[in-house]
Amino acid sequence: MSVLDETYTLSNGVTIPRLGLGTWFIDDDKAAGAVKAAIGVGYRNIDTAQAYGNERGVGEGVRGSGVPREELFVSTKLAAEIKDYDQAVAAIEESLALLDIGYIDLMLIHAPQPWEDFRGGDYFEGNLAAWRALEEALEAGKVRAIGVSNFLERDLENILEHGAVVPHVNQILVHAGNTPSGLIDYCGGKGILVEAYSPIAHGKILDNPRVGAIAAGYGVSVPQLCIRYTLQLGTVSLPKTANPEHMRVNSRVDFEISAGDMGVLRDLDERDYGEHSAFPVYSGK
Ligand SMILES: NC(=O)c1ccc[n+]([C@@H]2O[C@H](COP(=O)([O-])OP(=O)(O)OC[C@H]3O[C@@H](n4cnc5c(N)ncnc54)[C@H](OP(=O)(O)O)[C@@H]3O)[C@@H](O)[C@H]2O)c1
């Protein structure tokens, strides 16, 4: 059995493939081709977002893949700027229309703050308003699971205390070089599955000599080691690539990293994202 066939079960009983395809920076007109190629390789979990501007293309790829809709798991994210109930309801409808795949498997609040104020103020009321819209979409069967992204403990506590549904997922930055163990454990304790985004550090870890040496010891590439690392942490791994050969390589991760090497990778501190540090998620906040 390939890793592509392995799943986790969310707290509401919905199953989610352990390995997915990230689609940030895949343009709308290229997204259908990338999604079809990934599904052809065997991927069953596709991650997009309103902010990526490619939901239409992702939906086209899903519809044209030749694989039955119910065998695929498609996630999208409510734009981080939406902290208002009516706007959230409208945006959920827009995602459903753009994707045009009947229902969404998982929909997340993209970030606890609008990007321009990332890790700034608390938007507790706004997040609860957005959450209520997601809860209603869940109840209505428009989405099968709901969650959050980039939420820290205090952001999660707000939802846990005042929301009706415990988030099924928290999608956060996790890669060898940046392992937020405390937050991962906190989520685990609340029954919230963690999804690791940027498992290859947005490409910045590819030429890291320490990681390269560990990968060589297993006879695998750096992306394979990094993807395997996030899977062994118990997270969903969402590597992005538009390259079908990379899709294939990234799915060949059925090897075992030793406990010792897991410890080394967990302790690694590599958070220099170079020119990408301009993105809020890599700003170190
Ligand atoms: N929730 C959030 O706020 C958030 C934030 C960031 C990301 N995400 C999600 O997580 C996904 C992944 O994160 P990411 O896009 O930042 O980066 P990533 O997956 O960590 O790294 C992607 C980079 O690695 C390269 N790559 C992938 N496989 C490779 C291989 N086998 N060999 C060589 N290079 C390879 C890709 O280039 P090629 O395309 O050329 O292969 C690309 O440059 C995103 O697409 C998105 O779905 C979510």
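Structural data are supplied above this passage.
Presented here is an overview of the structure given in this document. (Residues numbered from 1 in each chain as written. Predicted model: local features only at pLDDT ≥ 70, side-chain atom pairs only at ≥ 80, totals over all residues. Heavy atoms only, no water.)

Some words on the pairing of strand 5 (residues 73-78)
In terms of residue burial, strand 5 counts as a mostly covered element, since 6 of its 6 residues are buried. As judged from the 3 bridges shared by strand 4 (residues 45-47) and strand 5, these two strands associate in the parallel manner. What sits directly across from Asp47, in strand 5, is Ser75. Between the parallel elements strand 4 and strand 5, the chain passes through helix 2 (residues 55-63) in a crossover that is right-handed. With 4 bridges connecting them, strand 5 and strand 6 (residues 106-109) associate as parallel partners. Each residue of the ladder has a partner; that of Ser75, found in strand 6, is Leu106. Running through helix 3 (residues 85-99), the crossover from strand 5 to the neighbouring parallel element strand 6 is right-handed. (Buried < 20%, exposed > 50% of the residue type's maximum accessible area, 1.4 Å probe, protein only. Helix = DSSP H or I, 4+ residues; strand = E, 2+ residues; numbered from the N terminus. Pairing = 2+ DSSP bridges. Right-handed = clockwise from strand over helix to strand, strands pointing away.)

Thoughts on unusual backbone geometry
The backbone of Asn150 sits at a positive phi, close to 65°, despite the residue not being glycine. Within the secondary structure, Asn150 sits in the loop between strand 7 (146-149) and helix 5 (153-162).

Things to note about helix 9 (residues 244-251)
Every buried residue belonging to helix 9 is among Met247, Asn250 and Ser251, and all of these are buried. Across the axial projection of helix 9, the buried residues extend over an arc of 95°, all falling on one side. The secondary structure elements touched by the buried residues of helix 9 are strand 3 (21-22), helix 1 (28-41) and helix 8 (222-232). Sitting at the amino-terminal end of helix 9 is Asn243, which places a side-chain oxygen 2.8 Å from the backbone nitrogen of Glu245. (Arc of directions from axis to C-beta. Contact = heavy atoms within 4.5 Å. Polar contact = N/O pair within 3.5 Å; in protein donor to acceptor, adjacent residues only side chain to side chain.)

From the geometry alone we can't say anything about function, so treat these as descriptive.
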